[in-house]
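Coordinate inspection notes
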Amino acid sequence: MRKVNANVQLNFIYDLHNEMRSKNLVLLYEGEFSQEITKSVLEMAERNMNYFGEKENTKRKVFNIMVECLQNICKHSDDPKNLKYSRTGIFIIGRKNGEYIISSGNYIDNKKIDSLKSRLDQINSLDKVGLKLRYKEILAESKKTKTHLIGLGLLDIARKSGHKLEYDFGKVDEDVSYFALQARKIKDK
């Protein structure tokens, strides 16, 4: 077993802390996601928003965006090969100049990318009124067909943030890519 120099690890911690501060990161979690971990991450984020004295409306919208991003990781992470990536991801909250930046990343089956990209592009093509109408359409469709609400989470993120969703897919191998999603929410005045 190789012994790691303690000074190297301590320097890394200090460097990581400084990097997080320079990037205005409030919270960062990387690893396996479960309902219990999601609950803990949300509690930490809520404490941070309370510390910053955020208004209830801002907290509610940011919290809603966080929930949807975290649920995306829990419910939609893929690894069709051997589950080495399954349910792992990253969740980051940044706060800069009166704006929250909520970012998430998880592994996704390459076969799902075209459909997801199409859905994201459709959401980004809608204005505020269009987002609201599409949201109501999905709710009505789900009641009529008694199916679960496919695509509602991403739509809700766009509605609550008031901005276009930023995203990217990074190819890991022939079966899996890494899906990165970012939403911005300006604090309410």
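The following paragraphs examine the structure supplied in this document. Worth saying up front: this structure is predicted, and the values here are computed from it rather than measured.

Observations regarding the overall build of the protein chain
A tally of regular secondary structure across the protein chain gives 6 helices and 5 strands. Across the 189 residues that make up the protein chain, the buried fraction comes to 37%. In the protein chain, 68% of the contacts between residues at least 6 apart in sequence involve partners at least 24 apart. Working note: accessible area of the protein chain is about 11,900 Å², and carbon and sulfur atoms make up 52% of it.

A look at the packing of helix H3 (residues 56–76) against helix H6 (residues 152–161)
Running from N to C, H3 and H6 cross one another at 155°; their axes reach a closest spacing of 9 Å. Classed by the angle they form, the pair H3 and H6 counts as roughly antiparallel. As H3 runs across H6, the sense of the crossing is left-handed. Contacts between H3 and H6 involve Lys-61, Asn-64, Ile-65, Glu-68 and Cys-69 from the first element and Gly-153, Asp-156, Ile-157, Lys-160 and Ser-161 from the second. Its residues assigned to classes, the contact of H3 with H6 comprises 3 nonpolar, 3 polar and 4 charged.

Section: the pairing of strand S3 (residues 99–109)
The two faces of the sheet receive side chains in turn, since in a regular strand these alternate between them. Of all 11 residues making up S3, 11 are buried, and the element is well covered by its neighbours. Of the two faces of S3, the one holding Glu-99, Ile-101, Ser-103, Gly-105, Tyr-107 and Asp-109 and the one holding Tyr-100, Ile-102, Ser-104, Asn-106 and Ile-108 are both buried throughout. Pairing between strand S2 (residues 88–96) and S3: 8 bridges, direction antiparallel. Looking across to S3, one finds that Gly-89 is bridged to Asn-106. Between S2 and S3, which pair antiparallel and follow one another directly, the connecting turn spans 2 residues, one of which, Asn-97, has a positive phi of 50°. In this sheet, strand S5 (residues 176–186) lies alongside S3 in antiparallel orientation, the contact comprising 11 bridges. Within the sheet, the bridge partner assigned to Asn-106 lies in S5 and is Phe-179.

Here is what the cut-offs are and how they apply
- Residues numbered from 1 in each chain as written.
- Predicted model: local features only at pLDDT ≥ 70, side-chain atom pairs only at ≥ 80, totals over all residues.
- Heavy atoms only, no water.
- Helix = DSSP H or I, 4+ residues; strand = E, 2+ residues; numbered from the N terminus.
- Buried < 20%, exposed > 50% of the residue type's maximum accessible area, 1.4 Å probe, protein only.
- Contact = heavy atoms within 4.5 Å.
- Areas by Shrake-Rupley, 256 points an atom, 1.4 Å probe, with all protein chains shown as cover.
- Axes fitted to C-alpha atoms, helices over the stretch in contact; angles between N-to-C directions.
- Parallel < 35°, antiparallel > 145°, perpendicular 65-115°, else oblique.
- Left-handed = near helix turned anticlockwise from the far one by under 90°.
- Nonpolar A, V, L, I, M, F, W, Y, C, P; charged D, E, K, R; others polar.
- Pairing = 2+ DSSP bridges.

Coordinates in, geometry out; function isn't part of it.
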